[in-house]
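Here is how the chains run, residue by residue.
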Amino acid sequence: MLIKSFLKIIAFIIVMALAIGSCTGTKQAVEVTDQEKMAFNQKEGDTITIANESLEYDIIIIEPGFNFWLQSVAKPRQYYSQSFMENRNNIYVREWNARVLQPQRFGPNLYELQINYDPQTDYGYEVNYQLYNYFIYFKRKYNQRLGPFVPRI
């Protein structure tokens, strides 16, 4: 009887160790494509204005290669739902803003200005699409993690 109890405990420990071990896998980043490398290596400035005029809201992104990347690499419009992008943008904006406030820890040349993004405001699909894709571009180009997610492309 004592041996059976002991074997059950050992079996339980082994099962738990396997279960825990299977949950700790590392997330692999998606390989940077040649097309992305072309976008990342562009030197001339792209200026993209992300705006919703009815809300009097806009973000101006001056980032060489972003517009090329958006047109050639990013998933097409309607690939992600607006709610998916809103959820991710909310996470990314919070992390971005936290980094802006810590210039001694995070490059002040990367994180210059805070982004005023209110999760209760409906900015529309296009604003969320471009902002979400800018975060993906930024994370891949500068090898940054703005949350727990591996960038999807």
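Data block above holds the structure.
Cut-offs and rules
Residues numbered from 1 in each chain as written. Predicted model: local features only at pLDDT ≥ 70, side-chain atom pairs only at ≥ 80, totals over all residues. Heavy atoms only, no water. 1 Å grid on protein atoms, 1.4 Å probe; cavity = no way out; pocket = protein on both sides within 12 Å on 5 of 7 lines; lining within 4 Å. Points joined across faces, edges and corners; volume = space filled by probe spheres on them. Helix = DSSP H or I, 4+ residues; strand = E, 2+ residues; numbered from the N terminus. Nonpolar A, V, L, I, M, F, W, Y, C, P; charged D, E, K, R; others polar. Phe/Tyr/Trp six-rings, centres within 6.5 Å; stacked < 30°, edge-to-face > 60°. Buried < 20%, exposed > 50% of the residue type's maximum accessible area, 1.4 Å probe, protein only. Lys NZ or Arg CZ within 6 Å of the ring centre and 35° of its normal. Salt bridge = Lys/Arg side-chain N within 4 Å of Asp/Glu carboxyl O. Expected span 1.5 Å × (residues − 1). Contact = heavy atoms within 4.5 Å. Core = buried A, V, L, I, M, F, W, Y, C linked by side-chain atoms within 4.5 Å. Polar contact = N/O pair within 3.5 Å; in protein donor to acceptor, adjacent residues only side chain to side chain.

K.L.:
So what about the layout of surface pockets? Which residues, and what values?
P.N.:
Looking at the largest pocket, its volume works out to about 490 Å³. I60, I61, W96, L113 and Y134 are the residues nearest the centre of the largest pocket, which is lined by 20 residues in total. At the level of elements, β2 (57–62) and α5 (125–142) are the ones that each hand at least two residues to the lining of the largest pocket. It is β2 that provides the largest number of residues to the lining of the largest pocket, a total of 6 residues. Its residues assigned to classes, the lining of the largest pocket comprises 14 nonpolar, 3 polar and 3 charged.

K.L.:
Describe in detail the packing of aromatic side chains, supporting the description with residues and values.
P.N.:
Under the defined criterion, the tally for this structure stands at 21 aromatic pairs. With a centroid separation of 6.3 Å and an interplanar angle of 35°, the aromatic rings of Y134 and Y137 are classed as tilted. Of the two residues, Y134 and Y137 are both situated in helix α5; the distance of 3 residues between them amounts to about one turn of the helix. Given a relative accessible area of 9%, Y134 falls into the buried group. Looking at K75, its charged tip hangs above the ring of Y79, at a distance of 4.9 Å from the centre.

K.L.:
Explain unusual backbone geometry to me, using residue names and the numbers behind them.
P.N.:
At Q78, a position not held by glycine, the phi torsion is positive, near 75°. Taking relative accessible area as the criterion, Q78 reaches 61% and is therefore assigned exposed. Although it is not a glycine, N143 sits at a positive phi angle of roughly 55°. Mapping N143 onto the fold places it in the segment after α5. Among the residues examined, N143 registers a relative accessible area of 69% and is labelled exposed.

K.L.:
Any chance you could break down the pattern of salt bridges for me, citing the residues and the numbers?
P.N.:
In this structure the tally under the stated criterion is 3 salt bridges. A salt bridge links E63 to K141, with the nearest nitrogen and oxygen atoms 3.2 Å apart. Of the two residues, E63 is situated in the loop between β2 and α3 (66–72) and K141 in helix α5; the sequence distance between them amounts to 78 residues. Looking at E63, the relative accessible area reads 9%, which means it is buried.

K.L.:
Hey, could you go over helix α4 (residues 82–100) for me, with residue numbers and the actual values?
P.N.:
Residue pairs three or four apart in sequence face the same way in an α-helix, which turns once every 3.6 residues. For α4, which comprises 19 residues, the first-to-last C-alpha distance of 26 Å matches the rise-based estimate of 27 Å (1.5 Å per residue) to within 8%. Of the residues making up α4, those classed as buried are F84, M85, R88, N89, N90, Y92, V93, W96, N97, R99 and V100. Elements in contact with the buried residues of α4: α5.

K.L.:
Go over the nonpolar core with me, naming the residues and quoting the values.
P.N.:
Generally speaking, soluble globular proteins have nonpolar side chains that are buried together. Formed by 35 residues in total, the largest nonpolar core has its most connected members in F66, W69, W96, I115 and F135. Every element with two or more residues in this core is listed here: α2 (34–40), β1 (47–52), β2, α3, α4 and α5. Residue contributions to this core peak at 10 residues, all from α5. When near neighbours in sequence (up to four residues on either side) are disregarded, W69 contacts E36, A39, F40, A74, N133, I136, Y137 and I153.

K.L.:
So, the side chain of N128: which residues are in play, and what are the values?
P.N.:
Along the chain, N128 turns up in helix α5. Judged by relative accessible area, which is 0%, N128 ranks as buried. For N128, the side chain forms a polar contact with the side chain of Y117, separated by 2.5 Å. With sequence-adjacent residues up to four places away left out, N128 is seen in contact with Q82, M85, E86, N89, Y117 and Y123.

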